[in-house]
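A closer look at the structure
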Amino acid sequence: MKKLLQKLTEAFGPSGYEDKVREIVRTEVEPLVDEIKVDVLGNLIARKHPGRQTKATRKIMVAAHMDEIGLIVSHVDENGFIRFSPIGGVFRRYVLGGRVRFLNGTQGVIGFDRLDNVNELPTLDKVYIDVGATSKKDCPVKIGDMAAFDRPYTKLGDRLVAKSMDDRVGVLVAIETLRALKSTLHDVYFVFTTQEEVGTRGAATSAYGVDPDVGIAIDVTPAGDTPNALKMEMALGKGPCIKIQDPSMIADPRVVEWMIRAAEKARLPYQREVLLMGGTDARAIQLTRAGVPAGCLSIPVRYVHSPSEMVDYADVQNSVKLLTAMLRTPIDL
């Protein structure tokens, strides 16, 4: 799993440019499913039928988003310095001195304008990308080119660190669940979604097409276990999180109960999640058509939306076990 996670996290895939990630995912899942297709927005939809002797009890959509936050070129000055706009939730506290890579392979470093106060945190309009160009003419990127943060995957003991753990670790959990799921009671659609970071767009259209009875997002959740963090219970190493609420949605209590029942029956550690910021594909699924009962299985992560997001490997393994157990468990709605 670690090798695949490295491959996924190091792939280029800002919102709207998920092609390279989708190629990796398709190679992994195509032998494991009964049907596979790519829709208009680039979502990869992989369907696994219930066992031959089993009549499907529910149509379940499992969504994990392939995209990551990124940057888009908005201006190149006469000296070849690049101004940009954020794609998704780019936090200015993480960008200074960072490195980026463009789709065409060009690399750059993020610098900043002169500051009157050296301890000041500049706004994004005060920073730029330096790709080594000396003029606008020899700058190898143009207006509208997309970049992602450039940082290698690394291991710190049982803690794994990379850019785009959000949500490539969720993609990994979905893939490995498919690998482990020899049979299921349900008709399951594993959807690897696009453009989550800019408004859960891929989940909205794919959920409309799938029209599920139940929706589950697989995503990350910020951990509250670092010094002076927000007072949230989620912590690395204590198991996957079962979402109850975040600012974008309230999980269906019946779905929450299904998830808890599956975890306890399988004797898996889990955490109850009440998130104080952010949202996931679960919101888009929940609001599809006339509404869908939805929930979210979250992997706790430190330093969300930084180039060095950290997860605990045991949490990743237990997330696979929990999702597998859920898909083998009946759900009463």
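Look a little higher up for the structure.
Now for a description of the structure that goes with this document.

**Quick word on the pairing of strand β1 (residues 35-38)**
For β1 and strand β2 (residues 44-48), the ladder comprises four bridges, and the chain directions are antiparallel. Residue I36 lies in a different strand from β2, and its bridge partner there is A46. Between β1 and β2, which pair antiparallel one after the other, the connecting turn spans five residues, and G42 there sits at a positive phi close to 90°.

**Quick notes on a nonpolar patch on the surface**
Among the surface-exposed residues, L230, V274, L276 and M277 lie close enough to one another that they form a single nonpolar patch of about 350 Å² accessible area. One can find L230 in the loop between β13 (214-222) and β14 (241-246). Classification of L230 by relative accessible area gives partly exposed; the value is 46%.

**Quick notes on the side chain of N43**
Within the secondary structure, N43 is located in the loop between β1 and β2. A relative accessible area of 0% means that N43 is categorised as buried. When sequence neighbours within four positions are dropped, the list of residues in contact with N43 reads K37, V38, V191, F192, T193, T194, G202, A203, T205 and S206.

**Here's the deal with unusual backbone geometry**
In the segment running from D166 into D167, the intervening peptide bond is cis, with an omega of 5°. In this structure, D167 sits in helix α3 (residues 165-180). You will see that Y303, though not glycine, has its phi angle at about 65°, which is positive. Considering the arrangement of structural elements, one finds Y303 in the loop between β17 (294-301) and β18 (309-312). We classify Y303 as partly exposed; its relative accessible area is 38%.

**Quick look at the pattern of salt bridges**
Applying the stated criterion across every chain, the model contains 17 salt bridges. The partner of R101 in a salt bridge is D150, and the shortest N-O contact between them spans 3.4 Å. You can see R101 sitting in strand β6 (residues 99-102) and its partner D150 sitting in the loop between β9 (146-149) and β10 (154-156), a full 49 residues away along the chain. A relative accessible area of 33% places R101 in the partly exposed class.

**A closer look at the sheet that holds β18**
Pairing in this open sheet of three strands is antiparallel, and the strands run β10-β11-β18 from one edge to the other. Of all the strands in the sheet, just β10 and β18 have a single pairing partner and so form its edges. Within this sheet the neighbouring strands show an average axis-to-axis angle of 30°, counted without direction. Helix α7 (residues 313-327) contacts β11 (159-162) and β18 of the sheet and is inclined by roughly 65° relative to β18.

**Here we look at the packing of helix α5 (residues 253-265) against α7**
Direction vectors running N to C along α5 and α7 enclose 110°, while the axes themselves pass 9 Å from each other. It follows from the interaxial angle that α5 and α7 lie roughly perpendicular. Where α5 crosses over α7, the two elements pack in a sense that is right-handed. Only L322, A325, M326 and L327 of α7 make contact with α5, whose side of the interface consists of W258, M259, A262 and A263. Across the contact of α5 with α7, the residue classes break down as eight nonpolar, no polar and no charged.

**With respect to the packing of aromatic side chains**
Taken as a whole and judged by the stated rule, the model has two aromatic pairs. With centroids separated by 5.1 Å and ring planes inclined at 65°, the aromatic side chains of F81 and Y128 adopt a geometry described as edge-to-face. Residue F81 is found in the loop between β4 (70-76) and β5 (82-87), and its partner Y128 is found in strand β8 (residues 127-130); the two are separated by 47 residues along the sequence. On the basis of relative accessibility, which here comes to 18%, the residue Y128 falls in the buried class. Residues F91 and Y94 carry aromatic rings whose centres are separated by 6.3 Å and whose planes lie at 40° to one another, so their mutual orientation is tilted. The ring of Y313 has K2 lying over it, and the distance from NZ or CZ to the ring centre is 4.5 Å.

**Describing the nonpolar core**
Judged by nonpolar contacts, the single largest core of 64 residues is most densely connected at F190 and F192. Those residues in contact with F192 that lie beyond four places of it in its chain are V25, V29, G42, N43, L44, A64, M66, V171, A174 and I175. In this structure, L71, L124, V131 and F149 belong to the second largest nonpolar core, which totals 20 residues.

Conventions we followed
Residues numbered from 1 in each chain as written. Predicted model: local features only at pLDDT ≥ 70, side-chain atom pairs only at ≥ 80, totals over all residues. Heavy atoms only, no water. Pairing = 2+ DSSP bridges. Helix = DSSP H or I, 4+ residues; strand = E, 2+ residues; numbered from the N terminus. Patch = residues over 30% accessible without salt bridge, like charges linked within 9 Å, V, L, I, M, F, W, Y side chains within 5 Å. Areas by Shrake-Rupley, 256 points an atom, 1.4 Å probe, with all protein chains shown as cover. Salt bridge = Lys/Arg side-chain N within 4 Å of Asp/Glu carboxyl O. Buried < 20%, exposed > 50% of the residue type's maximum accessible area, 1.4 Å probe, protein only. Contact = heavy atoms within 4.5 Å. Axes fitted to C-alpha atoms, helices over the stretch in contact; angles between N-to-C directions. Parallel < 35°, antiparallel > 145°, perpendicular 65-115°, else oblique. Left-handed = near helix turned anticlockwise from the far one by under 90°. Nonpolar A, V, L, I, M, F, W, Y, C, P; charged D, E, K, R; others polar. Phe/Tyr/Trp six-rings, centres within 6.5 Å; stacked < 30°, edge-to-face > 60°. Lys NZ or Arg CZ within 6 Å of the ring centre and 35° of its normal. Core = buried A, V, L, I, M, F, W, Y, C linked by side-chain atoms within 4.5 Å.

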